[in-house]
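A look at the structure
What follows is each chain in one-letter form.
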Amino acid sequence: MPDTAEILRLLGESALVCAVAALVIRLRGVRRAHRKESSAARSRTRALESELARHRAEVLPEAVAGAHRRAAQAAQGLPRSVARTVQGLAHGQQKKITEMLNRHDDPDVVEGLLVLDHHSAQMLRRAAGLAVVCGSWPGRQHDATPLIDVVRGAVSRIQDYRRVRTVPPADDRAVTGRVVEGLVLALAELLENATRYSHPDTRVQVHTRPVPDGLALVVEDAGIGLDQAERRRVEQILAPDGPVPDLTRVGDPPQGGLAVCALLARRYGFTVHVDDGSAFGGVRAVVGLPGALLTTPVTAGDTTLAPPAPRRHDAGGPR
Amino acid sequence: MSPPRRRGDLVRAYVITGGRARPERSAPVLDLVTIVAAAPGRSTTGLTPEQRAAVHLLRGRHLAVVEVASRLAQPLTVTRVLLCDLLATGHLVTMLPPAPLPEPLTEVQVLERVLHGLQAL
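Right, let's walk through the structure included here. Small disclaimer: the values here were computed from a predicted structure and weren't measured. (Residues numbered from 1 in each chain as written. Chains lettered and ligands numbered in written order. Predicted model: local features only at pLDDT ≥ 70, side-chain atom pairs only at ≥ 80, totals over all residues. Heavy atoms only, no water.)

Remarks on the overall build of chain B
- In terms of helices and strands, chain B carries five helices and three strands.
- Overall, chain B shows an N-to-C arrangement of helices and strands of α-β-α-β-α-α-β-α.
- Every one of the 121 residues in chain B was classed for burial, and the buried ones make up 45%.
- Counting contacts in chain B only where the partners sit at least 6 residues apart, residues at least 24 apart contribute 71% of the total.
- For chain B, the accessible area works out to roughly 7000 Å², and carbon and sulfur atoms hold 60% of it. (Helix = DSSP H or I, 4+ residues; strand = E, 2+ residues; numbered from the N terminus. Buried < 20%, exposed > 50% of the residue type's maximum accessible area, 1.4 Å probe, protein only. Contact = heavy atoms within 4.5 Å. Areas by Shrake-Rupley, 256 points an atom, 1.4 Å probe, with all protein chains shown as cover.)

Here's what the structure looks like:
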């Protein structure tokens, strides 16, 4: 007969076993619950991550682009209005100079007027370029204009105009009036770059070349060309499907000229391509004009002949 | 037919003359009424549109400098530079001004007539 102490010991042991067993069972339950919970947590994390990725991919860029658009719009209001004002003033100045050129016969006076006119033309180009980068379009209207006059109109607006050699185009088609000002501006920016980034003793040549649909205006300089980084940047700015250049994307130092070209090309439907293919070892810029932007010549030969203009020269000589 | 365009708007005068307001020193002096005409048989290839227009205008026609300026719708100084360049390349020639009206008898002729009259007495 086991004594009471023995019974108590056995009871104690079995209680312990029971407790341990209960503990193990409980522990298993906890572990199971924990496993369940952590897998739920994992799937929650995964959901959050994918949500975040979606945000990063869609919502964030949209928000950034929106903020960028708003910032650009806010930033370009003032320069656009200044550009417009300067354009108006330079226009008025040019008109006055033209009037004076027609009235004065003294070479000293005329020499000064030619310099002033040249400065006004450059002011106009810079202001028009700034207006374009700030989202407005050239307002000047022209009739359909022969290619050679479009080229020389562009030459008129750059600093080093004497260095440009224009090969008279064999093609006698004219550029449609709607496109003339935009094309002149874009070409002027390309000519300015060509003359600025090549030696002052060298020439810059412009010639036209027929292409399957329309023709190409080719500007070639004898400068040092583009390095790889420059070429990448130029391609990026001019890419027809790239981001639209605006005031915040012209860089520092600003690459404004090419941004102006890119915007005008998109707007008027011509193309601009810049590479190292110049026949003179430097940069070659090619403006592609589709046939739709060309029209029949105004009138061959004597387009320059205006009817006699009595208001012009005073037989009385210089005043 | 489109109306005549105002060329001056786009192509500026300094581009037409290369920035010059006066002809080369060696060039003949052209005043307002100097008569110019195109030299026969010269091709206009390689000329600028304004130079070509001047040569076309003066083919078979004699015009005073001031008339050329007006017909080309260019300032007089610009026209002078243009014409002097064309004279230098031989595309144009200057003509003598139109023959003057019969002048009143000069003194020598009067004296000769008096002499003939006296001899006849």
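A few points about the overall build of chain A
- Assigned secondary structure in chain A consists of six helices and eight strands.
- If you list the helices and strands of chain A from N to C, you get α-α-β-α-β-β-α-β-β-α-α-β-β-β.
- Relative to its full complement of 319 residues, chain A shows a buried share of 39%.
- Long-range contacts, defined as pairs at least 24 residues apart, comprise 73% of the intrachain contacts of chain A with a sequence gap of at least 6.

Considerations on the sheet that holds strand β1 (residues 145-146) of chain A
Residues and elements named next belong to chain A.
- Across the sheet, which stays open at both edges, the three strands sit in the order β1-β3-β8 with antiparallel pairing between neighbours. Looking at the sheet topology across the chains shown, the edges are occupied by β1 and β8 (294-295).
- Summarising the sheet, strand β3 (residues 174-175) and β8 pair through two bridges and their orientation is antiparallel. Counted as the bridge partner of A174 is T295 from β8. (Pairing = 2+ DSSP bridges.)

What to know about the environment of G18(B)
Residues and elements named next belong to chain B.
- With respect to the helices and strands, G18 occurs in the loop between α1 (13-17) and β1 (35-38).
- Overall, the relative accessible area of 30% leaves G18 in the partly exposed class.
- Once the C-alpha coordinates of G18 and V81 are considered, the two residues, 63 residues apart in sequence, prove to be 9.7 Å apart.

A look at the nonpolar core
- Core analysis: the biggest nonpolar cluster contains 87 residues, and V175(A), L183(A), L191(A), F270(A), V274(A), L289(A) and L83(B) have the highest contact counts within it.
- A total of 11 residues in this core trace back to one element, the largest contributor, which is helix α4 (residues 177-196) of chain A.
- Those residues within four positions of V175(A) in sequence are excluded, and the remaining contacts are A144(A), T145(A), L147(A), V150(A), V180(A), L183(A), L289(A), L293(A), L294(A) and T295(A). (Core = buried A, V, L, I, M, F, W, Y, C linked by side-chain atoms within 4.5 Å.)

Brief notes about the side chain of S120(A)
- Along the chain, S120(A) falls in helix α2 (residues 107-133).
- Excluding its chain neighbours within four sequence positions, the residues that come into contact with S120(A) are A90(A), Q93(A), Q94(A) and I97(A).

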